[in-house]
Amino acid sequence: MRLIRAKNYDDMSLKAANIIAAQVSLNPKSVLGLATGSTPIGTYRHLVEWYQKGELDFGKAVSINLDEYCGLSGDHPQSYRRFMQENLFDHINIPADRSFLPDGTQTDSALECARYDRIIEEHNGIDLQLLGIGRNGHIGFNEPDDHFTCGCHVVNLTESTIQANRRFFDSEASVPRQAVSLGVGSILASRCILLLATGEDKAQAIHDTVCGDITSRTPASILKTHPNVILLLDRAAAGML
């Protein structure tokens, strides 16, 4: 793992955007694995700004998102499709038919997961996978478990994840209890992985990822087996290292 310490969230966001921009500039046909949540918002703002200034072109790129809530349509205010549209896709020129997310409305989850795995295969894998990390060490929605899951799958969200997502919904009862997520194997198959973490509440998960054993109880710890991982942390997230 390569560790980059940023001064604060803004510095982390700028450094992450520079890494993604370099990937797209060097390979305009890059397959980008993208993430949602509050952590990458600042990164996406920089990418949008540079595109609007004519400094970056996503016209030949492909995006494949990590996950989507089960039961939410793409136009639901809290769906990850809606998040990506509002924070990135609506403001850059990535083609709509080359920006992929799981379909959370599909009732046949096995069929949908197989479809999503095929999308990755058809695009010859992910060049750069952007990740956040949960307080319990989850990546994507791969929650702590007694085993690692390889391919795309449906996840039962833990109580800590449900509570962390509660602020985005009208009530706790409306927070989805399941999500479709890329598996750990799909993430590890990416050619480069960029994990962002900010805030003191992520410090324990980062410590366990970097300093602890490789265990499915801390899903992010499996990243230590990958040859090209960048951890980009602000001071607070790196505080226990």
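Note that the structure is predicted; figures quoted are calculated from it, not measured. (Residues numbered from 1 in each chain as written. Predicted model: local features only at pLDDT ≥ 70, side-chain atom pairs only at ≥ 80, totals over all residues. Heavy atoms only, no water.)

Trainee: I'm lost on the nonpolar core in this one. Help?
Mentor: A general trend in soluble globular proteins is that nonpolar side chains are found buried together. Leu 47, Leu 88, Leu 194, Leu 195 and Leu 223 are the most contacted members of the largest nonpolar core, which has 73 residues in total. Not counting residues up to four positions away in its chain, the partners in contact with Leu 194 are Ala 16, Ile 19, Ile 20, Leu 128, Gln 129, Leu 130, Leu 131, Ile 230 and Leu 232. (Core = buried A, V, L, I, M, F, W, Y, C linked by side-chain atoms within 4.5 Å. Buried < 20%, exposed > 50% of the residue type's maximum accessible area, 1.4 Å probe, protein only. Contact = heavy atoms within 4.5 Å.)

Trainee: Where do I start with the layout of surface pockets in this structure?
Mentor: Over the atoms rolls a probe the size of a water molecule, and in doing so it shows where empty space is left. Considering only enclosed or pocket space, the largest pocket measures out at about 750 Å³ in volume. When residues of the lining of the largest pocket are traced back to their parent elements, those giving at least two are strand S4 (67-69), helix H3 (80-87) and helix H5 (159-165). Of all the elements, H3 adds the most residues to the lining of the largest pocket, at five residues. (1 Å grid on protein atoms, 1.4 Å probe; cavity = no way out; pocket = protein on both sides within 12 Å on 5 of 7 lines; lining within 4 Å. Points joined across faces, edges and corners; volume = space filled by probe spheres on them. Helix = DSSP H or I, 4+ residues; strand = E, 2+ residues; numbered from the N terminus.)

Trainee: What is the right way to look at helix H4 (residues 109-122) in this model?
Mentor: Quick reminder: α-helices carry 3.6 residues per turn. Residues three or four places apart thus point the same way. With 14 residues, H4 extends 20 Å from end C-alpha to end C-alpha; this agrees with the ideal 20 Å at 1.5 Å per step. Along H4, the residues that are buried comprise Glu 112, Cys 113, Tyr 116, Ile 119 and Ile 120. Along the long axis of H4, the arc covered by the buried residues comes to 115°, so they all point the same way. Across H4 from its buried face, at more than 90 degrees, point the exposed residues Ala 110, Leu 111, Glu 121 and Glu 122. Elements in contact with the buried residues of H4: strand S3 (62-65), strand S5 (99-100), strand S7 (153-156), strand S8 (178-181) and helix H6 (184-188). Backbone geometry just after H4 places Asn 124 at a positive phi near 60°. (Expected span 1.5 Å × (residues − 1). Arc of directions from axis to C-beta.)

Trainee: What exactly am I supposed to notice about the pattern of salt bridges here?
Mentor: Side-chain pairs of opposite charge can arise whenever the charged atoms involved come near each other. The final tally for this structure, using the stated rule, is seven salt bridges. Across the salt bridge formed by Asp 127 and Arg 191, the nearest N and O atoms sit 2.8 Å from each other. Taken together, the residues span a long stretch of sequence, with Asp 127 in the loop between H4 and strand S6 (128-131) and Arg 191 in the loop between H6 and strand S9 (192-197) at a distance of 64 residues. When its relative accessible area of 12% is taken as the criterion, Asp 127 is described as buried. On the accessibility criterion, Arg 191 (42% relative accessible area) is partly exposed. Note that Arg 135 is salt-bridged to Asp 201, the shortest N-O span being 3.0 Å. Placement of Arg 135 in the loop between S6 and S7 and of Asp 201 in the loop between S9 and helix H7 (203-211) is noted, with a sequence separation of 66 residues between them. (Salt bridge = Lys/Arg side-chain N within 4 Å of Asp/Glu carboxyl O.)

Trainee: I'm lost on the sheet that holds S7 in this one. Help?
Mentor: Either a parallel or an antiparallel arrangement is found when strands of a sheet pair, and the pairing is made through backbone hydrogen bonds. Read from one edge to the other, the open sheet built from three strands follows the order S4-S8-S7, with strand pairing classed as antiparallel. Strands with a single pairing partner mark the edges of an open sheet, and in this sheet they are S4 and S7. Sheet twist, expressed as the average angle between the axes of neighbouring strands with direction ignored, equals 25°. Here S7 runs beside S8; their pairing, made up of four bridges, is antiparallel. Bridging from a neighbouring strand, Val 155 pairs with Ala 179 of S8. (Pairing = 2+ DSSP bridges. Axes fitted to C-alpha atoms, helices over the stretch in contact; angles between N-to-C directions.)

Trainee: Looking at this structure, how should I read empty space enclosed by the protein?
Mentor: Taken as a whole, this structure holds one cavity of 30 Å³ or more when the rule is applied. Put simply, the largest cavity is a space of about 40 Å³. Lining the largest cavity are Ile 20, Leu 32, Leu 34, Tyr 44, Leu 47, Phe 58, Leu 88, Ile 92 and Ile 94. Secondary structure elements with two or more residues in the lining of the largest cavity: strand S2 (31-34) and helix H2 (41-52). Its residues assigned to classes, the lining of the largest cavity shows nine nonpolar, no polar and no charged. (Nonpolar A, V, L, I, M, F, W, Y, C, P; charged D, E, K, R; others polar.)

Trainee: Whenever I open this one, the pairing of S3 confuses me. Can you help?
Mentor: Walk down a regular strand and you will see the side chains alternate between the two sheet faces. Burial of S3 is two-sided: the residues Val 62 and Ile 64 facing one way and the residues Ser 63 and Asn 65 facing the other way are all buried. The pairing of S2 with S3 spans four bridges and is classified as parallel. Paired with Gly 33 across the bridge in S3 is Ile 64. Running through H2, the crossover from S2 to the neighbouring parallel element S3 is right-handed. In the sheet, S3 pairs with S5 via two bridges, with the strands oriented parallel. Residue pairing across strands places Ser 63 opposite Ser 99, the latter belonging to S5. (Right-handed = clockwise from strand over helix to strand, strands pointing away.)

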